[in-house]
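One letter stands for each residue in the lines below.
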Amino acid sequence: MAGAAPQEADRGKQTFVRVGCYQCHGREAQGASTGPRLGPDPMPLPQFTRAIRTPRADMPPYSTKILSEAELADIYAYVSSRARPRK
Amino acid sequence: MNRRTFLKDAAGALAGGAALAGTGSAQAPPREQDAESLTTDRCGADCMVDVVKAIGLEYICANPGSSFRALHEAIVNYGGNAKPELITCCHEESSVAMAHGFAKIDGKPIGVMAHGTVGLQHAAMAIYNAYCDRVPVYIIIGNTLDATERRPGVEWAHSVQDASSLVRDFSKWDDTPVSLEHFAESAVRAYTIAMTPPMGPVLIVADSELQERPLTGDFTLRIPKLTLSAPPQGDDAAIADVARMLVAAESPVLVADRAARTPAGLASLVQLAELLQAAVVDQGGRMNFPSRHPLNQSAQSRATIGAADLVLGLELTDFWGTVNTFRDQLHRSSRSILKPGAKTIAISTRDLGLRANYQEFQRYPELDLAVTGDAEATLPSLVEAVKRLVTADRRRVFDQRGKKLADASNAALDRAHADAGYAWDAGPVTTARLSMEMWDAIKHEDWSLVSDVNMVSNWPKRLWSFDKHSQFVGGSGGAGVGYTAPASFGAALANKPHGRLTVTIQPDGDLMYAPGILWTAAHHHIPLLSVMHNNRAYHQEVMHLQRMANRHNRGVDRAHVGTTIDDPNIDYAKVAQGMGVYAEGPIENPKDLAPALKRAIAVVKKGEPALVDVVTQPR
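Predicted, not measured: the structure shown is a model, and the values here were computed from it.

(A) Geometry of the overall build of chain B. Each helix and strand counted, chain B has 22 helices and 18 strands in total. Whereas a compact globule of 619 residues would reach a radius of gyration of roughly 25 Å, chain B reaches 26 Å, a difference of no more than 12%. Principal-axis analysis of the C-alpha atoms gives chain B an extent of 90 × 60 × 50 Å. Among the 619 residues that make up chain B, the fraction classed as buried is 53%. Partitioning the contacts of chain B with sequence separation of at least 6, the portion at a separation of at least 24 is 80%.

(B) View of the overall build of chain A. When its secondary structure is counted, chain A shows four helices and zero strands. Beginning at the N terminus, the succession of helices and strands in chain A can be written as α-α-α-α. For 87 residues, the compact-globule estimate of 2.2 N^0.38 gives 12 Å, and the C-alpha radius of gyration of chain A, at 12 Å, lies within 12% of that figure. Overall, the C-alpha framework of chain A stretches about 35 × 30 × 25 Å when taken along its three principal axes. Per-residue burial over chain A gives 43% buried out of 87 residues.

(C) Quick peek at the environment of Q400 of chain B. With respect to the helices and strands, Q400 of chain B occurs in helix 14 (residues 392-420). It is 38 Å that separates the C-alpha atoms of Q400 of chain B and S333 of chain B, two residues lying 67 residues apart in sequence.

(D) Layout of unusual backbone geometry. Looking along the chain, the bond that leaves G39 of chain A and enters P40 of chain A is cis, with omega of 10 degrees. A cis amide bond links P197 of chain B to the next residue, P198 of chain B, at an omega of -5 degrees. Turning to its location among the elements, P198 of chain B is positioned in the loop between helix 7 (180-195) and strand 6 (202-207). Unusually for a residue other than glycine, R134 of chain B sits at a positive phi of about 55 degrees. Relative to the helices and strands, R134 of chain B is located in the loop between helix 5 (118-132) and strand 4 (138-143). Non-glycine residue N458 of chain B carries a positive phi angle of around 60 degrees.

(E) Representation of the sheet that holds strand 5 (residues 173-175) of chain B within the structure. All names here are of chain B. Judged by pairing direction, the sheet is parallel, and its six strands sit side by side in the order 2-1-3-4-6-5 without closing on themselves. The outermost strands of the open sheet, each flanked by one partner alone, are strand 2 (85-88) and strand 5. Strand-to-strand twist of the sheet, defined as the mean angle between neighbouring strand axes without regard to direction, takes the value 25 degrees. Two elements, strand 4 and strand 6, share six bridges in a ladder whose sense is parallel. Among the inter-strand pairings, I141 is bridged to a residue of strand 6, identified as V205.

(F) Fine view of the environment of S229 of chain B. Here S229 of chain B shows up in the loop between helix 8 (208-212) and helix 9 (236-248). The contacts of S229 of chain B, once residues within four sequence positions are left out, are T192 and T196 of chain B.

(G) Inspection of the pairing of strand 16 (residues 529-534) of chain B at higher detail. All names here are of chain B. Among the six residues in strand 16, six count as buried, and that is most of the element. The alternating pattern of strand 16 places L529, V531 and H533 on one face and S530, M532 and N534 on the opposite face, and all of these are buried. Direction of pairing for strand 15 (residues 501-507) relative to strand 16: parallel, over a ladder of five bridges. Across the sheet, T504 pairs through a bridge with S530, a residue of strand 16. As paired elements, strand 16 and strand 18 (residues 610-615) share six bridges and run parallel to each other.

(H) Quick peek at the sheet that holds strand 14 (residues 447-449) of chain B. All names here are of chain B. Judged by pairing direction, the sheet is parallel, and its five strands sit side by side in the order 14-15-16-18-17 without closing on themselves. On the outer flanks of this sheet lie strand 14 and strand 17 (582-587), each paired with one strand and no other. Strand-to-strand twist in this sheet, taken as the mean axis angle between neighbours without regard to direction, amounts to 15 degrees. Contacts from helix 17 (residues 484-495) reach strand 14, strand 15 and strand 16, with the element oriented near 180 degrees to strand 15.

(I) Structural view of the confidence of the model for chain B. All names here are of chain B. On average, chain B scores 94 in pLDDT, and the residues at 70 or more come to 95%. Within the model, pLDDT remains below 50 along residues 1-26, and this stretch shows 39 contacts once partners closer than five positions in the same chain are excluded. Across the interface, the model reports ipTM at 0.95; the global pTM reads 0.94.

(J) Here's a closer look at helix 5 of chain B. Residue and element names in this part refer to chain B. Taking 1.5 Å of rise per residue, 15 residues should cover 21 Å, and helix 5 covers 22 Å from first to last C-alpha, within 8% of that figure. In helix 5, a bend of some 45 degrees at A124 exceeds every other bend along the element. Here helix 5 lies mainly inside the structure; eleven of its 15 residues are buried. Those residues of helix 5 lying buried are G119, L120, A123, M125, A126, I127, Y128, N129, A130, Y131 and C132. Residues of helix 5 that are buried sit in contact with helix 4 (92-106), strand 3 (111-115) and strand 4. The positive-phi residue at the C-terminal boundary of helix 5 is R134, with phi of around 55 degrees.

(K) Layout of the environment of N77 of chain B. Residues and elements named next belong to chain B. The residue N77 is located in helix 3 (residues 69-78) in this model. With 12 C-beta atoms counted inside 10 Å, the residue N77 sits in the exposed group. Residues N77 and D46, 31 residues apart in the sequence, show an inter-C-alpha distance of 9.3 Å.

(L) Fine view of the interface of chain B and chain A. Across the contact, 28 residues belong to chain B and 24 residues belong to chain A. Secondary-structure elements contributing two or more residues to the side of chain B that touches chain A are helix 14 and helix 20 (539-551) of chain B. Per-element accounting of the side of chain B that touches chain A gives the leading share, six residues, to helix 20 of chain B.

Definitions and cut-offs
Residues numbered from 1 in each chain as written. Chains lettered and ligands numbered in written order. Predicted model: local features only at pLDDT ≥ 70, side-chain atom pairs only at ≥ 80, totals over all residues. Helix = DSSP H or I, 4+ residues; strand = E, 2+ residues; numbered from the N terminus. Rg over C-alpha atoms; globule rule 2.2 N^0.38 Å. Buried ≥ 20, exposed ≤ 12 C-beta atoms within 10 Å, placed from the backbone. Contact = placed C-beta atoms within 7 Å. Pairing = 2+ DSSP bridges. Axes fitted to C-alpha atoms, helices over the stretch in contact; angles between N-to-C directions. pLDDT = per-residue confidence, 0-100. Expected span 1.5 Å × (residues − 1). Bend = angle between axes of the 7 residues up to and from the residue.

Written out as structure tokens, the structure is:
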């Protein structure tokens, strides 16, 4: 997310771990067989939000009861801030 | 009636009078006398060892047990502890899984000995894995059928009316011989049944009375000739139909799971694929197809199958699951991924090995053509049938198709290398980095990876170049956890005479089922490099808990309860060292991995096991 404050990414990292995103997508959102890579160039936020709230495939749904909009935005900031791969 | 009196009265037969040998049988005790005879120079177990040697079991894996004490003693003394050699295991599940892994490399079974009660109960899950994986394992279980001969106490607790019934739902055949002649015949029969596709585990009960029966010095047991059955092949007319459909198809896909039992199966599949320039999806139950072959489309299997107009399944575990998706949400749903009009064909022995109770046979697949026959045995005739039908026009079409598939395969490899670069320096170590460091360490050796790769996101299959049959053996079959460690050592035992560098990617939860296998490896000098995939959890279950918690709107905060293996973290290097295995770790910085692997490989090359504990990302 262009222009995201570092503190948002930091908060997002904590939330990313706390709500278990890393279990399928890896701690750096690098992706695995259990979940695709999410950063550093994530899908646009509206699609990202839809994929989390109402996933089409097997991903567990995250309702607003367990992940607020603000927390979701922080996660988006975190995955956007991930490093590019080594060449 | 005590045993000795019984033998005087009814020489050769067991309690109940079934299958009585004639009076004057050569199995009678050495002599009848009034004074008690306390020793004998020969016993029934010696004959059992002769049988085991005749069928060619190289090893017998066992945790010692009194119900087979005479057979145990005969193996190590009368048999000289060579072919079979006794492998001391610390758990019967390890014994069976070792035999499972051995057979995956060697193609033939080794033996397991266990109590018919508590030992078989321990062994049951590993037998189920072998059954699901269609792998031959030869199991001899001890029992004391004659109630009047049992020592009071434990021997009663360790005796059973029908020992094999515990695992009969998931073994291929069993018998309870009541004479030594019966033992010889059934033991040979069991071997042939185990080795006839679809292969599977078999059991023979060695009654303690038969084992300990004293024999005269001149007694000889006739052992029937062992003749292995040629595997069943698909019907000629049906194979001709398959060939016509393959040649006519515009985008056929060959999907293989347990197809290549031997190197010949791999070679035949390559031949068929190249003849047709057809896409191949290797589901990895066996080493079916070279990972970097230009026709290998396994990295994009769903898309490839979805675009196909013909899917040929070769020994698929789950044809339905191959051509459908299943959505695990609050309301479960599924849909076909096949395009309209796509044809499906199966060549498989699957229907020949089904049992009703355990449901490993998966959902019923709707097929256009089903051919019952062993895929490997059928492939040569299919290749010849295809050759007869290929015209110059079709050859041009095939060649164009092959070029596109080669481009897709190259793109998949490039994508894999790019994907592996993300979080390269992260700690815990990514499974991609783990896989690449391992590949760099072994790629110039004659290596053999003997663990499945799905726990590490299939990175080895995406990044390494697999082209020999011994380089991969597939998974457990029944997904019974605790398989990887003992099966890997079994496979390493089979690789040892070939001088191969055997490596395994060892999940932490799996090792904790029966870590005593590490001692077995040290004791018997089994060279294996175990690289721990230590994600400190039963991670599959973490994800299931997470799914349930989110589904129920409760959040995942407690998904770790009952699913993680931390607090305290297990120091696997110390565990291994405590059992006499060279070990390093825990490694959390990926930069430390390469030198640790180098040191561990040096140990393995000297003929010993080594373990490198790597703290990893979940998958």
